[in-house]
Amino acid sequence: MTKMVNGSSNIGQLDYAHKLFDKFCDPDVFMWNAIIRAYSRHKLFQDAIEMYRWMRWTRVDPDCYTFPYVLKACTELSDFRLSQLIHGQIFRHGLGLDGFVQNGLVALYAKCGHIDCARVVFDGLHDRTIVSWTSIISGCAQNGKAMEALRMFDKMRKTDVKPDWIALVSIIRAYSDVEDLEQGKSIHGCVIKMGLEDEPDLLISLTALYAKCGQVTVAKQFFDQMEIPNVIIWNAMISGYAKNGHAEEALHLFRDLIARNIKPNDVTVMSAVLACAQVGSLELARWIDDYISKSEHKSDVFVNTALIDMYAKCGSVESASKVFDHISNKDVVVWSAMVVGYGLHGRGLEAIDLYHAMRQAGVCPNDVTFIGLLTACNHSGLVKEGWELFHCMRDYGIEPRHEHYACVVDILGRAGYLDQACNFILKMPIDPGVSVWGALLSACKIHRHVTLGEYAADKLFSLDPYNIGHYVQLSNLYASARMWDRVAKVRVLMREKGLSKDLGYSFIEINGKLEVFSVGDKSHPRAEEIFNELQTLERRLKEAGFVPHTESVLHDLNYEEKEENLCYHSERIAIAYGLISTAPGTTLRITKNLRACINCHSATKLISKLVDREIIVRDSKRFHHFKNGTCSCGDYW
């Protein structure tokens, strides 16, 4: 009869197996094991546990073959309290040293997130098989303890136990988590030597490793090898693209996934939203929002929080606010995302009002909330408010990080309080980092304080000697003070270190297509029309009394050369293209990879009035909303 129950289960006839079991008047342990095994193998884990409870109620003692299936059911249910009860019964029945049972306990505690318990059981094993090692290594890797997983793997390699593909999957995951590509490549070599390169789970792990470590081209090769790619490998590839500056490829892959009728999960959607935020396209943002609103993810708080961030980075803080308003149970992450969004657009007072509303709602702010608040104060010139907010962080048990200190230095420095900013740095309880000294150097450039700027630059060069941005900032400081000999020395130093300045570019979205322009770019098919429009704009600016800020050209040029150079900055070309490509009154949305110069900022303000358009520019620091001759930043950025 036991063989009949097992046979019925093996061919999928679980109902028939249960009928056979019910007909048996006095089932022994073998019969109980068969029915518990049947339910466990068919993933009816709660039923397997109920059958075990019934077995205990009928006073039939379990044996070493009962518990592996019971433990598997507990593992899948992630029921820690039940796990402890079963563990006690294992000891009571004298099976505390049984290898199969103990391996099941290691896997069970690891799956429930109790690695310490899993380690205690593992350390008590006398005969550690590949299953034992794989269970503990996988448990560590799956619970965010990558270094512990790698240490256990190193111990395993010193024994006679050889890793199998399951152990390799976990080790590759651990190397992905610590982003150690070189060691990950060595495991890739083991995979090839063992002839396991076609194993689907290993292909997924290798895709995730190379994608997370920035080798997206290599990752795509593994992705393409999967005959039937599942959602996990799609997630690895889309996430890899999104996190390594390949946002357009990520979105293209996301569209491809949808076209193939593969159901995305919350990880897929979050990665796509992240990519959309990087592209900065409001049209794409609305498309993905519309897609999510018709999917099962529309009420997911994490997805909606990502949508708030996306809309803010795509230039529509109003749309971000609408998403925020529709979230019913707002946690600190949701509130913080909206505060950061206001900060990005320089809406300091709205950010502070939201902070007060957050407190009234009984939600305690966290460190990210204060980064958003301090950034908002910085972009709005709210020195007093920013100072007070910084000093109330400890009231919530929040210890300021480098980012918070950098924001305060930026707030003081931009407002002209350079000595106070320097004193603030010198009194910091932690060693000032790159972001702190960088904020001071930036402020010195704005206010042309050469001596203090040189001091900040020396600190930066010692902390981060190969960051091109620091050298450019110092060169710009010297140039603004017309110290051309020192500008030349900085450029010589840059050449000696093999550093070159990032080229400025701007892009604008027209009819769903992104057009990219660099300084003086004449490569576009409509270049003649664009430059004619530029000349027309320049003539209208002069007629309106606009005087170019020639100091924005940080080279030793004559006036005419400076004026011509300023006309051809990438954002000016993008504006001209937008004007000739859209209907009157259409809002122009432009993204620039560098900080906007003073001249282009002043010119864009007046252009917005002359052409009666709203022009939204996202530079490397924040958003500028130009309308009717004014900018949302109030000329403070």
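Residues numbered from 1 in each chain as written. Predicted model: local features only at pLDDT ≥ 70, side-chain atom pairs only at ≥ 80, totals over all residues. Heavy atoms only, no water.

**Q** I would appreciate a short explanation of the packing of aromatic side chains in the present structure.
**A** We describe a pair of aromatic rings using the distance from one ring centre to the other and the angle between the two ring planes. Under the defined criterion, the tally for this structure stands at 22 aromatic pairs. Measuring from ring centre to ring centre gives 4.9 Å for Phe 223 and Trp 234, while their planes differ by 85°; the resulting arrangement is edge-to-face. With Phe 223 in helix α14 (residues 216-225) and Trp 234 in helix α15 (residues 231-243), the pair connects residues that are 11 residues apart, well separated along the chain. Each of the two residues, Phe 223 as well as Trp 234, counts as buried. Pairing Trp 287 with Tyr 291 gives two aromatic rings, centres 6.4 Å apart and planes at 20°, and the pair type is stacked. Here Trp 287 pairs with Tyr 291, and both are found in helix α18 (residues 282-293), just 4 residues apart, close to one helical turn. In this structure an aromatic cluster arises from ring pairing among Trp 387, Phe 390, Tyr 405 and Phe 424. Here the guanidinium or amino end of Lys 330 rests over the ring plane of Phe 324, the centre of that ring lying 5.0 Å away. (Phe/Tyr/Trp six-rings, centres within 6.5 Å; stacked < 30°, edge-to-face > 60°. Helix = DSSP H or I, 4+ residues; strand = E, 2+ residues; numbered from the N terminus. Buried < 20%, exposed > 50% of the residue type's maximum accessible area, 1.4 Å probe, protein only. Lys NZ or Arg CZ within 6 Å of the ring centre and 35° of its normal.)

**Q** Can you help me understand the pairing of strand β4 (residues 615-618) in this one?
**A** Taking every second residue as pointing to the same face, both faces of β4 are buried, with Ile 615 and Val 617 on one and Ile 616 and Arg 618 on the other. By the bridge criterion, 4 bridges tie strand β3 (residues 588-592) to β4 in an arrangement that is parallel. Bridge assignment links Ile 590 to a residue of β4, and that residue is Val 617. On the question of chirality, the crossover connecting β3 to the parallel β4 by way of helix α34 (residues 598-610) is right-handed. Taken together, β4 and the strand that follows it, strand β5 (residues 623-627), pair antiparallel across an intervening segment of 4 residues. (Pairing = 2+ DSSP bridges. Right-handed = clockwise from strand over helix to strand, strands pointing away.)

**Q** Mind showing me how you'd approach the nonpolar core here?
**A** Soluble globular proteins tend to bury their nonpolar side chains together. Counting residues in hydrophobic clusters, the biggest one holds 173 residues, and the most contacted among them are Ile 86, Ile 137, Ile 308, Met 310, Leu 389 and Leu 440. If near-sequence neighbours (up to four positions away) are discounted, Leu 440 is found in contact with Val 409, Leu 418, Ala 421, Ile 425, Leu 452 and Ala 456. Grouped together as the second largest cluster of nonpolar side chains are 26 residues, Ile 510, Ile 607, Val 611 and Phe 626 included. (Core = buried A, V, L, I, M, F, W, Y, C linked by side-chain atoms within 4.5 Å. Contact = heavy atoms within 4.5 Å.)

**Q** How should I be thinking about the packing of helix α31 (residues 527-543) against α34 in this particular structure?
**A** Two quantities define a packed helix pair, namely the angle between the helix axes and the distance between the axes. Interhelical geometry of α31 versus α34 gives an angle of 95° and a closest axis separation of 10 Å. The angle between α31 and α34 falls in the class roughly perpendicular. Within the contact between the two elements, α31 uses Leu 537, Arg 540 and Leu 541 and α34 uses Ala 603, Leu 606, Ile 607 and Leu 610. For the contact of α31 with α34, the class distribution of residues is 6 nonpolar, no polar and 1 charged. (Axes fitted to C-alpha atoms, helices over the stretch in contact; angles between N-to-C directions. Parallel < 35°, antiparallel > 145°, perpendicular 65-115°, else oblique. Nonpolar A, V, L, I, M, F, W, Y, C, P; charged D, E, K, R; others polar.)

**Q** I keep staring at the side chain of Ser 176 and nothing clicks. Help me out?
**A** Of note, Ser 176 is situated in helix α11 (residues 165-177). For Ser 176, a relative accessible area of 5% translates into the label buried. Each residue touching Ser 176, except ones within four places of it in the same chain, is listed here: Ser 205, Ala 208, Leu 209 and Lys 212.

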